[in-house]
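# Observations on chain architecture
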Amino acid sequence: MAETHILQDLQHQAAIASKVYVQRDYNSGTICKFQTKFPSELESRVDKQQFEETMQTLNNLYAEAEKIGGKSYLEGCLACMTAYTIFLCMETHYEKVLKKIARFIKEQNEKIYAPLGLLLTDPIERGPRVVEITIFEDRSIGFGR
Amino acid sequence: TCNGHSYIMKNCEYQQIDARALGTPASSFQPCTEMKVPRLRRKWEVFPGKNRFYCDGRIILARQSGILPLTLGLIVVTSVLFFAFDCPFLVTHLTVCIPVIGGVLFLFVVISLLQTSLTDPGILPRALPDEAADIEKQIYTSGSSMYRPPPRTKEILINQQVVKLKYCFTCKMFRPPRTSHCSLCDNCVERFDHHCPWVGNCVGKRNYRFFYSFIVSLSFHTSFIFGCVVTHLTLRSQGGNGLVQAVQESPLVICFFSIWSVLGLSGFHTYLVASNLTTNEDIKGSWSSKRGAEDSGNPYTYNSIFINCCATLCGPMPPSLIDRRGFLPPDDIPPVAAADLELSSFLAKNDTNMVGMPSSGHTS
């Protein structure tokens, strides 16, 4: 409860100092994967290990969504046979994992990043081209405007 | 100052007229906020591309629906002629399965066609101003001298192959691999295949499977009708009754001309699906074997026809990225309109300055 309060506080009251964008990593093709390199702007705010762990889990979740295997083939064939009308009533595997990702990002924000004055934006709201990290002004240290 | 005062008066008069126009009592004590509460707008209303939306954002169409009505019309007319004139004869002489099969194929064709036309092909939302500024900053810092325009391409490695990513000036971002900007729809589309005028929409990542099932089922449907019509005419000519009239009423001519093009297109797309290529890449010769020694330069292929087909047609179905039915937050200005708003406030500032100048001239 206290954690969500911090998150809301941050969004409504704190001023945005800057935004950092983590771009996509296309080395393995067109699958959704983000670079795990630690951006220099966050050095003073968050632990490198923690950040890389968050990005790696995010990448794993996206890999799960886009996995081509028995289950996705079954879903695809079933959809084809019903002339794809099944998509009107059923939620696809991809959408289920996207909801999981949204919950993961919210949880990471509440537990780890909001107390440090950072906010991760769910990449799906940006394309998913980038992971947008908003750095809020740290009033406790007394940053100038 | 007289001029400054008259400007303020004009403002008040304008507001009062507004109140009367809205039908509320023209009282100067009316709080302004009551008039100005906007209704919540959905994101499709501020969509920057050239698309049209119906049913409050549920249905999306390209700006130019092209010849989609013609396509639908041709299919419906051909099928109706078949059901009306060939089926009765064939049901009595052959089997009742014929109209049943024809009906199923017809339904499949029409449903696939509508799904191809009315689905978001994989439109990428444009970069928000902050993101665009960040990308610009990265381009300028990594670019060469100040006198040459900085390069707007980025080279990356995909499966040990060099691929060039181009910067899209309209959407203000580097296009992901296999993405192309459609000038007719004014959108960047993922895994862009081509813009199909028959279907009235782009064919991209999200609707390629619908497009493929449309042309394949259409091939079957046209071949089926053609076969039935030929059978019908053959049987009639053997019986010797009403051959000429049957030829006139049958959809023979439409079928004959369309069958070759549809079959050809299906064959071509089957080749594309099996080699995990898009029409765009094939036409441009992006991975042609002339460049390198290897026989396939395509970095996206799984090197297996079966896996390529499965990945393209039965792969996971990503959701639409443009979230057209989502609501815009009432406090925020829509991102693309923000630039316009800044411009208009800049002009307003200039206007007040201009109004102020004569007044200051008067006082001095």
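Residues numbered from 1 in each chain as written. Chains lettered and ligands numbered in written order. Predicted model: local features only at pLDDT ≥ 70, side-chain atom pairs only at ≥ 80, totals over all residues. Heavy atoms only, no water.

### Remarks on the pairing of strand β1 (residues 51-54) of chain B
Residues and elements named next belong to chain B. Residues N51 and F53 of β1 are buried on one face, while the alternating residues R52 and Y54, pointing to the opposite face, are not. Sheet topology places β1 next to strand β2 (residues 59-62); four bridges connect them, and they run antiparallel. Counterpart to F53 in the pairing with β2 is I60. What sits between the antiparallel neighbours β1 and β2 is a turn of four residues, in which C55 has the positive phi angle 55°. (Buried < 20%, exposed > 50% of the residue type's maximum accessible area, 1.4 Å probe, protein only. Helix = DSSP H or I, 4+ residues; strand = E, 2+ residues; numbered from the N terminus. Pairing = 2+ DSSP bridges.)

### Description of a nonpolar patch on the surface
Residues V253, F256, F257, W260 and L263 of chain B make up a contiguous nonpolar surface patch of about 560 Å² in total accessible area. Of note, V253 of chain B is situated in helix α8 (residues 252-274). (Patch = residues over 30% accessible without salt bridge, like charges linked within 9 Å, V, L, I, M, F, W, Y side chains within 5 Å. Areas by Shrake-Rupley, 256 points an atom, 1.4 Å probe, with all protein chains shown as cover. Salt bridge = Lys/Arg side-chain N within 4 Å of Asp/Glu carboxyl O.)

### Notes on empty space enclosed by the protein
Following the criterion strictly, the structure yields one cavity of 30 Å³ or more and no others. In this structure, the largest cavity encloses a volume near 120 Å³. What lines the largest cavity is a set of 16 residues, and nearest its centre among them are Y94 and P128 of chain A together with E190, K205 and L321 of chain B. Tallied by class, the residues present in the lining of the largest cavity amount to eight nonpolar, three polar and five charged. (1 Å grid on protein atoms, 1.4 Å probe; cavity = no way out; pocket = protein on both sides within 12 Å on 5 of 7 lines; lining within 4 Å. Points joined across faces, edges and corners; volume = space filled by probe spheres on them. Nonpolar A, V, L, I, M, F, W, Y, C, P; charged D, E, K, R; others polar.)

### Focus on the domain arrangement of chain B
Residue and element names in this part refer to chain B. Taken domain by domain, chain B consists of domain 1 (69-124 + 199-313) and domain 2 (129-175). The interface is formed by six residues belonging to domain 1 together with five residues belonging to domain 2. Looking only at domain 1, the three residues that lose the most surface to domain 2 are L124, P299 and Y300, adding up to 67% of its buried area. Where domain 1 meets domain 2, there are zero salt bridges. Counting every contact that joins domain 1 to domain 2 gives zero residue pairs in polar contact (both at pLDDT 80 or more). (Domains from an automatic or database assignment. Contact = heavy atoms within 4.5 Å. Buried area = accessible area lost by both parts, 1.4 Å probe. Polar contact = N/O pair within 3.5 Å; in protein donor to acceptor, adjacent residues only side chain to side chain.)

### A short note on the interface of chain B and chain A
Taken together, the contact pairs 36 residues of chain B with 32 residues of chain A. A combined buried area of about 2,800 Å² lies between chain B and chain A, and 63% of that area is made up of carbon and sulfur atoms. The largest contributions to the chain B side of the interface with chain A come from E131, C314 and P316 of chain B, which together make up 20% of the buried area. One can count two salt bridges joining chain B with chain A. Between E131 of chain B and R129 of chain A there is a salt bridge, with the nearest N and O atoms lying 3.0 Å from each other. Summed over the shared surface of chain B and chain A, the number is four residue pairs in polar contact (both at pLDDT 80 or more). For the side of chain B that touches chain A, the secondary structure elements donating two or more residues are α4 (97-118), α5 (129-142), β4 (153-158), α6 (208-239) and α10 (305-313) of chain B. Tallied by class, the residues present in the side of chain B that touches chain A amount to 27 nonpolar, three polar and six charged.

### So, the sheet that holds strand β7 (residues 180-182) of chain B
In spatial order, the strands read β3-β8-β7 (chain B); together these three strands make up an open sheet with antiparallel pairing. Each of the sheet's edge strands pairs with one partner strand only, and the pair in question is β3 (123-124) and β7 of chain B.

### Here we look at the pattern of salt bridges
On inspection of all chains with the given rule, the structure shows twelve salt bridges over all chains. A salt bridge links E64 of chain A to K100 of chain A; its shortest N-O distance comes to 3.5 Å. Highlighted residues: E64 of chain A in helix α2 (residues 48-65) and K100 of chain A in helix α4 (residues 93-113), separated in sequence by 36 residues. Residue class for E64 of chain A comes out partly exposed when judged on its relative accessible area of 30%. Among the ionic pairs, D186 of chain B bridges to R126 of chain B, the shortest N-O distance being 3.2 Å. Here D186 of chain B is found in the loop between β7 and β8 (187-189), whereas its partner R126 of chain B is found in the loop between β3 and α5, with 60 residues between them in sequence. An identical accessibility class is assigned to D186 of chain B and R126 of chain B; each is buried. Each of the salt bridges in this network shares a partner with another, and the network as a whole consists of K19, R126 and E132 of chain A together with D130 of chain B.

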